[in-house]
Every structure is written in C-alpha cells, then in structure tokens.
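Summary of structural features
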Amino acid sequence: MRKKIVAGNWKMNLSFQDAEDLVEHILELLDKETITAEVIVCPPYPYLELATDYAEEGNIGVGAQNLSPFDAGAYTGEVSAAMLVSMGVTHCIIGHSERRKYFNEDDKMLTAKVNQALKHKLTPIFCVGEALPERQAGSHFDVVRSQVRHGLFHLDTDEFHKVVIAYEPVWAIGTGVTATPDQAQEMHAYIRTLITERYGKDVADATLILYGGSCNAANAEEIFAKPGVDGGLIGGASIKAEEFVSICKQA
Ligand code: 13P
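What you are looking at is a predicted structure, and each value in this text was computed from that prediction instead of being measured.

1. Description of the overall build of the protein
Counting its secondary structure elements, the protein contains twelve helices and eight strands. A globule of 251 residues ought to have a C-alpha radius of gyration of about 18 Å, and the protein, at 17 Å, matches this closely. For the protein, the C-alpha atoms occupy an extent of roughly 45 × 45 × 35 Å along the three principal directions. A separation of at least 24 residues holds for 73% of the contacts in the protein among residues at least 6 apart in sequence. Counting every atom, the protein has about 11300 Å² of accessible surface; 51% of that belongs to carbon and sulfur. In the protein, 22 side chains carry a positive charge and 35 a negative one; their mean positions are 7 Å apart.

2. Looking at the nonpolar core
The tendency in soluble globular proteins is for nonpolar side chains to be buried as a group. By size, the foremost hydrophobic cluster in this structure holds 71 residues, and its most contacted members are Ile191 and Ile195. Beyond its immediate stretch of four places on either side in the chain, Ile195 contacts Phe153, Phe160, Ile165, Gly200, Val203, Ala204, Thr207 and Ile209. Core analysis: the second largest hydrophobic core is formed by twelve residues, Cys42, Ile125, Val164 and Ala166 among them.

3. With respect to unusual backbone geometry
One non-glycine residue, Lys11, adopts positive backbone phi at about 55°. Within the secondary structure layout, Lys11 lies in the loop between strand E1 (5–9) and helix H1 (16–31). Of note, Lys121 is a non-glycine position whose phi angle comes to about 65°, a positive value. Looking at the secondary structure, you find Lys121 in the loop between helix H5 (107–119) and strand E5 (123–128). What makes Lys121 exposed here is its relative accessible area of 72%.

4. Details of the site of the ligand
Asn9, Lys11, His96, Glu168, Ala172, Ile173, Gly174, Gly213, Ser214, Leu233, Gly235 and Gly236 make up every residue found near the ligand. Separating an oxygen atom of the ligand from a side-chain N or O atom of Glu168 is a distance of 2.9 Å. Within the contact set of the ligand, an oxygen atom lies 2.7 Å away from a backbone nitrogen or oxygen of Ser214. Summarising the interface, the protein chains cover 95% of the accessible area of the ligand, which totals 310 Å² for the free molecule. By residue class, the composition of the shell around the ligand is three nonpolar, seven polar and two charged.

5. Notes on the packing of aromatic side chains
Inspection of every chain in the model, using the stated rule, returns seven aromatic pairs. An aromatic cluster is defined as three or more aromatic residues linked by ring pairs; in this entry it consists of Phe153, Phe160 and Tyr199. Of note, Arg99 hangs over the ring of Phe103, and the distance from its end group to the ring centre comes to 4.1 Å. In this structure, Arg198 is placed above the aromatic ring of Tyr199, and the distance from its NZ or CZ to the ring centre is 4.3 Å.

6. Thoughts on the environment of Ala74
With respect to the secondary-structure elements, Ala74 resides in the loop between strand E3 (61–64) and helix H3 (81–86). Along the backbone, Ala74 and Thr34 are 40 residues apart, and their C-alpha atoms lie at a distance of 46 Å.

7. Overview of the pattern of salt bridges
What the rule picks out here adds up to twelve salt bridges. A salt bridge links Lys11 to Glu98, with the nearest nitrogen and oxygen atoms 2.8 Å apart. Here Lys11 is found in the loop between E1 and H1, whereas its partner Glu98 is found in helix H4 (residues 97–102), with 87 residues between them in sequence. Asp182 is paired through a salt bridge with Lys226; the nearest N and O atoms lie 2.8 Å apart. On the criterion of sequence distance, the pair formed by Asp182 in helix H9 (residues 181–199) and Lys226 in the loop between helix H11 (220–224) and strand E8 (231–234) is long-range, its members being 44 residues apart. A relative accessible area of 53% means that Asp182 is categorised as exposed. Within this structure, Arg2, Arg192 and Asp230 form a network of salt bridges that share partners.

About the cut-offs
Residues numbered from 1 in each chain as written. Predicted model: local features only at pLDDT ≥ 70, side-chain atom pairs only at ≥ 80, totals over all residues. Heavy atoms only, no water. Helix = DSSP H or I, 4+ residues; strand = E, 2+ residues; numbered from the N terminus. Rg over C-alpha atoms; globule rule 2.2 N^0.38 Å. Contact = heavy atoms within 4.5 Å. Areas by Shrake-Rupley, 256 points an atom, 1.4 Å probe, with all protein chains shown as cover. Lys, Arg positive; Asp, Glu negative; His and termini not counted. Charge placed at Lys NZ, Arg CZ, Asp CG, Glu CD. Core = buried A, V, L, I, M, F, W, Y, C linked by side-chain atoms within 4.5 Å. Buried < 20%, exposed > 50% of the residue type's maximum accessible area, 1.4 Å probe, protein only. Near = heavy atom within 4 Å. Polar contact = N/O pair within 3.5 Å; in protein donor to acceptor, adjacent residues only side chain to side chain. Nonpolar A, V, L, I, M, F, W, Y, C, P; charged D, E, K, R; others polar. Phe/Tyr/Trp six-rings, centres within 6.5 Å; stacked < 30°, edge-to-face > 60°. Lys NZ or Arg CZ within 6 Å of the ring centre and 35° of its normal. Salt bridge = Lys/Arg side-chain N within 4 Å of Asp/Glu carboxyl O.

Worth remembering: the numbers are spatial, not functional.
Encoded structure:
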C-alpha cells in the first residue's frame, strides 16, 4: 500500500504575514485531525524558512517550487538544491507546466534540475500533463510519455525510486475544470505502465503519482479514491487552511 501525499503549491501568492498566518492555521487544524497522508507545503522561496521553522513543530514537509539546474557559484538570482536542503526543505516541484510555459523550461533543463535535486537528497515532485489542444487531438498519452521519458528515464532504479510524479493536465490547472476521477485514473495507470516497462513492476507499484488541477475539498475524495491516485498537488485550494486540511483528510 502506497502512502499518500497531499502537497500544497502556493505559487506566487501571499505576503509574508499571510504566509505565516496560513502555515500556523494549517498546523493548528492538522493538530486536531488524524491524517494518514504526508502533508507538504510549497511556499515561495522567501517564505521557506518560515515554513521549515513551523514544520519542525508540526509533522509536515516543506517543498520548494523550483531550484537551479546548477550546483553553486555565479548564477545570479538562482537558488541551489544544496541551499534548500540546508534550510530543511525536503521536496521540490520540478517541471510544473507554468515553468515549462512561462520560463521555457525544456526537457534538458528539467533533467538537470531532477539530477540536482537527487544529488542533494531533495525529493523531486516531477510534473507532467497535456494542454487542452493535445487532449482534444487525442495526443495526451504521447505528450505525457515524452515528458516522463525525457525528464526521468535517464535515472537508474535507485534514483527513480526517490521521485514523486504529479499528473497535472494543463487544462485543469486553475480553471475549475478538474479531470474526472476516471480520466485521472486512466493517465496514472498509463504512467505506471511506462514505469513498469522501464524499471519493472515493483518500482512502478512503489511510485507515488499525485493528481493536480482544480482539486478541492468538494472533489478530492472521489479522485483520491481511485487506486492509481496517490494524493494531490493542490494549487488554489492550498492557500485556504480549512480547505487544504479538508483535502488532506480525504487522502
Ligand atoms: P489549481 O489547484 O489551482 O488548479 O493548481 C494546480 C497546480 O498547478 C498545482 O501545482
């Protein structure tokens, strides 16, 4: 039985004070609940230390939303995997569709980021997912296959074991149009088939695949009930403490 994860991607939202209030409130609510899923918050860089300080008290992980593909040195504006780890960060989102789209992150860049994360023992949450025209054209499986293969399949088995995948159809992100539980299950099962072909069934069975895209307190339960869905990567609903904790409870 795979452990579930619910990770909140705060994206580029909230003031420092709002971030502190949110993490405090989340921990206060989590404290009152019995939650079996691993809970992770992914605030913007400047709030990571705040989150790691609180995370020590509560039982949550902290993820970054990005990292540098480089190790260290003269890369102005970049934040390295080693820096993140030194602050107590445990996870890092890599390959989010917003970074692919707005920051032109291609397969080569994402491979370098995955390698950096693993080198420094950060768990990558590697995002894949097709855009609406790709789904409409029926090429969603090809798109996701290419993203998974190019981003991850250079890893050896031991390295791959440490990766979490998030399926986030781009048409469902921030739109209020979530994938149906069956659509999520279908793609998660397909990704697991790809992993089986490359690494074998045991590795595929052990790999966590999260769903992301307009997941909220009203639809999480039925999505998480699908056998191939191991929790969620939550955007908008993760910056509302009650709703986020409600989602965590449903995983
Ligand atoms: P929403 O939950 O706001 O659709 O965002 C999903 C997402 O992009 C998480 O990484």
